[in-house]
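# Secondary and tertiary structure notes
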Amino acid sequence: MFFRGADWIVKLKQQRYLHRCQNSVMRDYLQSEFPSLRTDYRQVEYLAVDLEMTGLNASDDHILSIGFVPVIDQRVVLNGARHIYVSSDQGVGQSAVIHGIHDKDIDQATPLAEALGLLLDALKGRVMVLHCAQLDLSFLEQACRGLYNSSLYVPVVDTMALEDQRLQRTGMARGSESLRLGDCRRRYNLPDYSAHNALIDAVSTAELFLAQTRYRFGSHPSDLRHIVSIK
Amino acid sequence: MIQGGVDMTVSVEVAAVRDFLSQNTPFDQLTEKQLTQAAAQVQIAYYRAGETTDILDYSNPQLYVVRSGAFEVRDNEGQLLDRVEPGGYFGYPSLLTGDAITNKLVVIEDGLLYELDEGTFQKLRSASRPFDRFFNQAHAKRLHHAVRFREQNYQLTLRVRDLATYDPVTAKTHETVADVARLMTEKRVSSVMVVDEDNKLCGLVTDRDMRVRVIAEGRPTDSVLSDVMTRDTISVASESLVFESMLLMTEHNIHHLPVTENGEPIAMMTATDLVKSQKSDPVFLISEIGRQRTVEGLKKISRDIPELLRSLIRAEASADQIGRLLTTVTDALTRQLLEQAIDQLGQPPVPFAWLAFGSQGRQDQTAISDQDNGLLVGDAMTHDDDVYFKALATYVNDGLDVCGYCYCPGEVMAKTDTWRQPLVGWKKQFLRWINQPSSKALMHASIFFDMRCIYGDQTLFHDLQKTVCDAASGNEIFLANLTANALKLTPPMGFFKSFVVDRSGEHKNTFDMKLRGIMPINDIARIYALSFGTDQIHTLDRLTEAAAKKLLTLKDARNLIDAHEFISRLRLVHQGELLKVGKVPDNHLDPLTLSSLSRHQLKDAFAVVASAQAALRVKFTRGLM
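Residues numbered from 1 in each chain as written. Chains lettered and ligands numbered in written order. Predicted model: local features only at pLDDT ≥ 70, side-chain atom pairs only at ≥ 80, totals over all residues.

Another point: the overall build of chain B. Helix and strand content of chain B: 25 helices and 23 strands. With 625 residues in all, chain B has 40% of them scored as buried. Within chain B, contacts between residues separated by at least 24 positions form 72% of all contacts whose residues are at least 6 apart in sequence. (Helix = DSSP H or I, 4+ residues; strand = E, 2+ residues; numbered from the N terminus. Buried ≥ 20, exposed ≤ 12 C-beta atoms within 10 Å, placed from the backbone. Contact = placed C-beta atoms within 7 Å.)

Structure representation (structure tokens):
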């Protein structure tokens, strides 16, 4: 978690990353204004993101697709949604069974550099919302380092961490309840989606985020810093 | 699929949202392309059970589609208008009419709402006829539902402020026709109130004025309003009666009536507002009954009857009005069931009349209504014809039971062979009661003398009625027997703490309002009516006629009418309370629940009934009993 007065730290880090970075795409992103951590969380724009990967290891596996959707004014805004298939030299392999992505989809896909550029563009001024942030961030970090020779600096809300906090607050033993996306959603009476892809899961994460904040804050204001995770 | 992934102008489809929409009418009527475009514009919001505020955005009407959870739409007085579940919609009335949102939303169960903006909604309406038609029809239905349950509309006492459209559109005298025409289009109104510098109403400009005084006369569109407006506008005060404004509109043949307060316009009353208020009548409920082709459909409508009763009670309608209204609904249901039966069975082989007895006959039904009915068939009926009539009666009796009018415990129903007779059979039955009376035989017969023809051949009914009247009037032995029976039910004396005190000194802690309060008055009225052979059936009408014939003093008749009204009203309020908490309505009054005033009034009412009974005894038994 960020601490009191963290806004200037954000600014400082932002400047430091900018100073070190040569790549224009990343520089463009870093020059955008980051949301203040002392703003009411409802006035901040978010981008819920989900990645599909060939595996779980960022150094061996790679990103197959990126789905994202903005959350503005406590609403999931579908006309800002994007679903980008990432092209790769390697085939999809075994994971096609899981993701339903086939080599023919990948054929019409976007190079990783371009896909990441689209994501960074959509992230400007926004807070990224992920479910189980660590995994997706490790792939994005890997990609940014490879392409831009820069780390990804972004404020993140992890819906899995929010759920973990909520369960602890309600006195549940850690690990007693599943933190998987679908299971979290069910606790808020959110519907099950039969199909899965990066975009549907991004929308699912966005909806979960809305439900979690409604439950936690109702119609009361709360600073963004109370829900943002460290990065 | 994004071609090359770079086309940022085309939104991608979120399959889960699109698929959900496509499962629901009218979205299933859209083309693939329209559906995809609609789905891409959806915004998703989440609400928690119990939330009421900040959901409907008053400045931004949208179509809301319930994705999960459950929501209730209530009007600004908290009346339930609609309960919406997944796949259901709300918010469209404002989009269709351009009227401001006045309803509130209550979240019953956590859930997701899909919001579709006005632009997309209107685009879909113009692109797809089924889509447009669906929401127009849904709107008409909702409107109908809403006004049906708006209790104040039943009254003639409805005031202009209850109906008029607030937030009126005004313009100054020096504004140009073109500007105002644009304003009217933007605000979607057909008239603008023109005000002077002090904001006082000085004229009115309507669509018609634009046509007649501007276009037809070839005036330039930069003419100022003061040149084209109607001066000396007729207006009403917000406190005036709707009834008065109706008269004004009719008298002057106008469709717009500004509502003013201290000369300043505060609202506009239109002919449309009035038409809407007219629909609020139970007449509307009845017209809906008339459209049902199945028992199932009638059953659905009859579920609204308790709500109708409750709103009538809240509206302080008199017990007499309520009784007549509820009976009108029962009559309509009965008629519709008969029509349905005839549709299925074919035309009746001989004429018949459907008779209602008891409370339906007297038109004083309440929340508890058993059926009491019979079938009167023309004497030309053959044995084989009865197969038809039995089937007809069974259909109607069963249908009424389904609609909540339970089978009569005393089996007084047309489907029984006893109460389905040719005219000659009915005459014989009535003449037996009248000419060979015994108080035992008459004990359960009194309801038959409150007889009304609901459907069918009136001449058959009148024939029977005349026979009964002729035989009964002046028949002292018959009247004496009826009176003896009637006097068995006496009202209590009054109350002592939580007890009802009988004239015998006996105490009970509950009081049957029907048996000990209303029935004795009905009995009195019936005996007078039969004594002079009137065809009046309603208790109040019978008492009024008895007074007119000088059998009762006017004062006594009025006292009885007041007592009847008072006890009936007490009973209806009691039943309304029970309905409100989901209990089965009954006639039992717990004296503890009575206010001190009601206790006194009730005691007075009992005294009126007791003295009327004493007079009845003198008049009709004359020592015979």
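More follows now that the structure is in view.
Broken down by element type, chain A carries 9 helices and 6 strands. Every one of the 231 residues in chain A was classed for burial, and the buried ones make up 42%. Of all intrachain contacts in chain A linking residues separated by at least 6 positions in sequence, the fraction that spans at least 24 positions is 70%.

A few words on the nonpolar core. The tendency in soluble globular proteins is for nonpolar side chains to be buried as a group. A48, I66, F68, V129 and A206 of chain A are the most contacted members of the largest nonpolar core, which totals 102 residues. At 10 residues, helix 9 (residues 198-217) of chain A tops the list of elements feeding residues into this core. M413, F448, Y528 and F620 of chain B belong to the second largest nonpolar core, which has 98 residues in total. (Core = buried A, V, L, I, M, F, W, Y, C linked by C-beta atoms within 7 Å.)

Turning next to the packing of helix 21 (residues 476-486) of chain B against helix 22 (residues 513-531) of chain B. Residues and elements named next belong to chain B. Relative to each other, helix 21 and helix 22 sit at 175°, their axes nearing to 10 Å. By the angle between their directions, the pair helix 21 and helix 22 is classed as roughly antiparallel. Counting all contacts with helix 21, which are made through L479, L482, T483 and A486, the residues of helix 22 involved are P520, D523, I524, I527, L530 and S531. When its residues are assigned to classes, the contact of helix 21 with helix 22 shows 7 nonpolar, 2 polar and 1 charged. (Axes fitted to C-alpha atoms, helices over the stretch in contact; angles between N-to-C directions. Parallel < 35°, antiparallel > 145°, perpendicular 65-115°, else oblique. Nonpolar A, V, L, I, M, F, W, Y, C, P; charged D, E, K, R; others polar.)

Moving on, we come to the sheet that holds strand 10 (residues 191-195) of chain B. Residues and elements named next belong to chain B. One open sheet holds the 3 strands; their spatial order is 9-10-11, and the pairing between them is mixed. Pairing within the sheet leaves two strands with one partner each, and these edge strands are strand 9 (170-172) and strand 11 (201-206). Across the sheet, the mean angle from the axis of one strand to that of its neighbour is 35°, orientation sign disregarded. Note: strand 10 against strand 11, 5 bridges, orientation antiparallel. Paired with M193 across the two strands is L204, which belongs to strand 11. In the packing of helix 7 (residues 177-187) onto the sheet, the strands contacted are strand 9, strand 10 and strand 11, and the crossing angle to strand 10 comes to about 130°. (Pairing = 2+ DSSP bridges.)

The omega torsion across T25 of chain B and P26 of chain B is 5°, close enough to zero to call that bond cis. Looking at the secondary structure, you find P26 of chain B in the loop between helix 1 (15-22) and helix 2 (32-40). A positive phi angle is found at N149 of chain A, which is not glycine, with a value near 55°. Here N149 of chain A lies in the loop between helix 6 (133-148) and strand 6 (156-158). C-beta crowding within 10 Å serves as the criterion here: with 12 such atoms nearby, N149 of chain A is assigned to the exposed category. One non-glycine residue with positive phi stands out, namely N199 of chain B, at about 70°.

As a further point, take the sheet that holds strand 18 (residues 452-456) of chain B. All names here are of chain B. Spatially, 17-16-15-18 is the arrangement adopted by the 4 strands of the open sheet, whose pairing is mixed. Looking at the sheet topology across the chains shown, the edges are occupied by strand 17 (420-422) and strand 18. Geometrically, the sheet is characterised by an average inter-axis angle of 30° between neighbouring strands, direction not taken into account. Note: strand 15 (residues 352-356) against strand 16 (residues 373-377), 5 bridges, orientation antiparallel. From the neighbouring strand, F352 faces strand 16, where its bridge partner is V377. Packing of helix 15 (residues 319-345) onto the sheet brings it into contact with strand 15 and strand 18, and relative to strand 18 it is tilted by some 35°.

Most of strand 1 (residues 43-47) of chain B is tucked away: 4 of the 5 residues are buried. Here strand 3 (residues 75-77) of chain A runs beside strand 1 of chain B; their pairing, made up of 2 bridges, is antiparallel. Looking at strand 1 of chain B, one finds that V76 of chain A is bridged to I44 of chain B. Alignment of strand 1 of chain B against strand 7 (residues 111-117) of chain B, held across 5 bridges, turns out to be antiparallel. The residue of strand 7 of chain B that forms the bridge with I44 of chain B is Y114 of chain B.

This part is about the confidence of the model for chain A. All names here are of chain A. Model confidence for chain A is summarised by a mean pLDDT of 85, while 87% of its residues fall at 70 or above. The least confident element of chain A is helix 3 (residues 96-99), whose mean pLDDT is 52; the most confident is strand 5 (residues 127-130), at 96. Under a pLDDT of 50 for its full length, residues 1-5 has, in the predicted model, 4 contacts with residues more than four places off or in other chains. (pLDDT = per-residue confidence, 0-100.)

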